[in-house]
Each structure stands twice: as C-alpha cells, then as structure tokens.
Amino acid sequence: MSSVLFVCLGNICRSPTAEAIFRKRASEAGLDVVIDSAGTGGWHVGATPDSRSVAAGEAAGYSFAGQAARKVERTDFAKFDYILAMDRENLRNLQTLAPEGYSGHLGLFLDFAPNQSIREVPDPYYGGQDGFKQVVYLIEQASEGLINRVSEHS
Ligand code: 4NP
C-alpha cells in the first residue's frame, strides 16, 4: 500500500488542506493509501486546522475531521514512500532531516501539477481568504497528478 505525507511549515493551513483533498480524491479513485500531514515547525502542535483553511476546503467539499497538527519526525521517512513539501524551504528542511539512502520520493507537491506555472503552494497564513482558495485550487491540480502516479504503482 502506498503512503503519502504532506508537509508545510505549521501543519495548520496547506498540508491539512492537502490531506483533506487527497483523502477524498483517493477514496473516489478507490485507492488504498495511507495519508497524513505534518509541519517542519512545531509552534502549532496539537492544534486543529486554521479556520480559514477549513472554510475554504469545506466550501469545496472536503472534510478536515480528525486532523491535529504535528511536527515531522525522522521516523516518518521509514513510514512514508511519498513525502511532499508545499514549498522549497520545507523541502530543504526535509532534505536535512532525511536519513541517508531514503528510497521514497521526497519532492515538491506541485511537481505533480506540471502544467501549473506556480511551483510552490504559497503560505496563506498572513494573507486574505483568496490565498486560502488558491491553496485549494493548486492542491486539487497536484492531487490529480499524484492519484495517477500512485495508481500506476499500486
Ligand atoms: P502552513 O501555514 O505552513 O500552511 O500551516 C502557516 C501556519 C502558521 C505559521 C506559518 C505558516 N506561523 O508562522 O505560525
């Protein structure tokens, strides 16, 4: 079974949105995938997703039920075969944390949306509600590509 970990900075905005969207898409595609999310920073550990992310995600039909923020751990590299960062800074931090010889796919989530010119999911935390809607849109694009990839390998 494939396993996917989405990673952003706080694990309260972008990666919980990715978890919610990909969970629904995987279920619709009939794919059995372990899905989780985490943050490279620990400030919000234990918190539920940001209400602005929940508003934007639920309006588009996604559920954030059961989510609580956690920090990414070295042991995640033994558990997940896709570890997907929302931006390059998160990716650099993950590359530093990764054990040598990690055999999974560590990269940017938007690499699965090759037709999308935006390459990183912008941090919406200090902006307005439009930023949260854009996060949903970008993640929907990349989720399609990731569904296709995971289906080919399962
Ligand atoms: P996220 O957004 O990385 O998408 O969860 C952020 C959440 C919190 C902070 C920054 C970004 N913060 O600085 O507390």
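Throughout this description, residue numbers start from 1 for each chain and increase along the sequence as written. Since the coordinates come from a predicted model, pLDDT governs what is reported: local features require at least 70, and pairs of side-chain atoms require 80 or more to be given and counted, while whole-chain, interface and lining totals use all residues. Here the side-chain values reflect all heavy atoms present in the structure, with hydrogen atoms and water set aside.

### Comments concerning the sheet that holds strand β4 (residues 105-108)
Okay, step 1: Ordered in space as β2-β1-β3-β4, the 4 strands form an open sheet in which the pairing is parallel. Every other strand in the sheet has two partners, leaving β2 (33-39) and β4 as the edge strands with one partner each. Going from strand to strand, the sheet's axes swing by 20° on average, the running direction of each strand aside.
Okay, step 2: Here a strand pair is declared whenever DSSP counts at least two bridges between the two strands. In DSSP terms, a helix is any run of H or I states spanning at least four residues, a strand is any run of E spanning at least two, and both are numbered starting from the N terminus. As judged from the 7 bridges shared by strand β1 (residues 2-8) and β2, these two strands associate in the parallel manner. Each bridged residue has a counterpart across the sheet, and for Phe6 the counterpart in β2 is Ser37.
Okay, step 3: Contact between two residues is taken to exist if any of their heavy atoms lie within 4.5 Å; hydrogens are not considered. Every axis corresponds to a line fitted to the C-alpha atoms, with the helix fit spanning only the stretch in contact, and the corresponding angles, defined between N-to-C directions, vary from 0 to 180 degrees. Most of the contacts of helix α4 (residues 88-97) go to β4, to which it runs at about 155°, and overall it touches β1, β3 (82-85) and β4.
Okay, step 4: Each of β1, β2, β3 and β4 is contacted by helix α5 (residues 129-152), which is oriented at about 165° to β3, the strand it contacts most.

### Description of the packing of aromatic side chains
Okay, step 1: Put simply, two rings from Phe, Tyr or Trp (the six-membered ring, in Trp's case) pair if the centres are within 6.5 Å, and we call them stacked under 30 degrees between planes, edge-to-face over 60, tilted for the rest. Scanning the model with the defined rule gives 5 aromatic pairs in all.
Okay, step 2: Ring centres 5.1 Å apart and planes at 85° place the aromatic pair Phe77 and Tyr102 in the edge-to-face group. Remark: Tyr102 occurs in the loop between α4 and β4 and Phe77 occurs in helix α3 (residues 76-79); sequence separation between them is 25 residues.
Okay, step 3: Classification of residues uses two cut-offs on accessible area relative to the type maximum, computed with a 1.4 Å probe and protein chains only: under 20% is buried, over 50% is exposed, and between them is partly exposed. The class of Phe77 is buried, set by a relative accessible area of 6%.

### Side note on the site of the ligand
Okay, step 1: As a matter of local geometry, the ligand sits amid Cys8, Leu9, Gly10, Asn11, Ile12, Cys13, Arg14, His44, Asp123, Tyr125 and Tyr126.
Okay, step 2: Residue Leu9 places a main-chain N or O atom 2.9 Å away from an oxygen atom belonging to the ligand.
Okay, step 3: Under this definition, polar contacts are N or O atom pairs within 3.5 Å; protein pairs additionally need one hydrogen-donor-capable and one acceptor-capable atom, and for neighbouring residues in sequence, both atoms have to be side-chain atoms. Here an oxygen atom of the ligand and a backbone polar atom of Gly10 are 2.8 Å apart.
Okay, step 4: Summarising the interface, the protein chains cover 92% of the accessible area of the ligand, which totals 350 Å² for the free molecule.
Okay, step 5: Charged means Asp, Glu, Lys or Arg here, nonpolar means Ala, Val, Leu, Ile, Met, Phe, Trp, Tyr, Cys or Pro, and polar covers whatever is left, Gly included. Partitioning the shell around the ligand into residue classes produces 6 nonpolar, 3 polar and 2 charged. Whether a residue is near a molecule or strand depends on its heavy atoms: it is near if one of them lies within 4 Å of it. The Shrake-Rupley method, run with a 1.4 Å probe sphere, supplies the accessible areas, and residue values consider only the shown protein chains as cover.

Functional significance is not addressed by these values, which are geometric in nature.
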